[in-house]
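Residue strings, one per chain:
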Amino acid sequence: EPASAGGSELHIVAVNGAFCRAFRMTAQDATGRTLASLAAEENDPALVAAIADAVAARRSLRTEMRCRNGEGASFWFRLHLMASVDAGTGQYHFVLLGCDITERKNAGAQQKAIQLLLAGVFHCVDAAVFIASAEGRILMTNPHFDQMFGYPPGGLIGRPSIDLVAPCTYDMVMQVQ
């Protein structure tokens, strides 16, 4: 039978301990539930439709989506839904592999917010300012910094910061590191 509403007709048959921990429910509570019952309401309707289309077409799908755990809390879940056919019966099954990626998503959102804040501050400072990664690559500059080195705005992003050191002071800079 083709599934609809993001796999609403796909019933969970078995789960492992990792699933139980991620969804904060027992195997007994999970068994028999529908795949759609795990999805959070805030998912993009296009994503829900893509999952339904993959199930109906009996094809695999990889995506990231919001889910609800057994306590009702929303979290990010990376899933790989794999279509599988039983050679003996010809019946289709779907295997779901996935993991909770909430921390990674939250860290990414925090990093973007900090970058926006820094970008705002950088443009208000009358001094040349830049930020480099632990590896020494330039991540962010302000207009004064770009201008000081004769580059257009953002022209130094991604470059090794050591490239900006005068050759005569290179040894001294390397000793400080």
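Residues numbered from 1 in each chain as written. Predicted model: local features only at pLDDT ≥ 70, side-chain atom pairs only at ≥ 80, totals over all residues. Heavy atoms only, no water.

The next subject is the overall build of the protein. Check the secondary structure of the protein and you find six helices and five strands. Seen in sequence order, the protein has helices and strands lined up from the N terminus as α-α-α-β-β-β-α-β-β-α-α. Of all 177 residues assigned to the protein, the portion counted as buried reaches 25%. Roughly 11,300 Å² of accessible area belongs to the protein as shown, and the carbon and sulfur atoms make up 57% of that amount. (Helix = DSSP H or I, 4+ residues; strand = E, 2+ residues; numbered from the N terminus. Buried < 20%, exposed > 50% of the residue type's maximum accessible area, 1.4 Å probe, protein only. Areas by Shrake-Rupley, 256 points an atom, 1.4 Å probe, with all protein chains shown as cover.)

Here we come to the layout of surface pockets. Estimated volume of the largest pocket: approximately 860 Å³. Residue lining of the largest pocket: 30 residues in total, with His11, Ile12, Phe94, Val95 and Leu96 positioned closest to the centre. If you tally residues by element for the lining of the largest pocket, the top one is strand S3 (residues 92-100), at nine residues. Partitioned by chemical class, the residues of the lining of the largest pocket number 21 nonpolar, five polar and four charged. (1 Å grid on protein atoms, 1.4 Å probe; cavity = no way out; pocket = protein on both sides within 12 Å on 5 of 7 lines; lining within 4 Å. Points joined across faces, edges and corners; volume = space filled by probe spheres on them. Nonpolar A, V, L, I, M, F, W, Y, C, P; charged D, E, K, R; others polar.)

Even without being a glycine, Arg24 presents a positive backbone phi close to 50°. Within the secondary structure, Arg24 is located in the loop between helix H1 (17-23) and helix H2 (27-30). Of note, Arg58 is a non-glycine position whose phi angle comes to about 55°, a positive value. Mapped onto the fold, Arg58 is located in the loop between helix H3 (45-56) and strand S1 (61-68). For Arg58, a relative accessible area of 40% translates into the label partly exposed.

Time to look at the side chain of Thr141. As for its position among the elements, Thr141 is in strand S5 (residues 138-141). At a separation of 2.8 Å, a polar atom in the side chain of Thr141 contacts the side chain of Asp146. Ignoring sequence-local partners within four residues, the contact set of Thr141 consists of Phe122, Val129, Phe130, Asp146, Gly154, Leu156 and Ile157. (Polar contact = N/O pair within 3.5 Å; in protein donor to acceptor, adjacent residues only side chain to side chain. Contact = heavy atoms within 4.5 Å.)

On to the sheet that holds strand S2 (residues 74-85). Across the sheet, which stays open at both edges, the three strands sit in the order S1-S2-S3 with antiparallel pairing between neighbours. Lying at the two open borders of the sheet, with one neighbouring strand each, are S1 and S3. Mean inter-strand twist for the sheet, computed between neighbouring axes without regard to direction, equals 35°. Its contacts with the sheet put H3 on S1, S2 and S3, and the angle it makes with S1 is roughly 125°. With respect to the sheet, helix H4 (residues 102-122) is in contact with S1, S2 and S3, its orientation differing from that of S2 by roughly 130°. (Pairing = 2+ DSSP bridges. Axes fitted to C-alpha atoms, helices over the stretch in contact; angles between N-to-C directions.)

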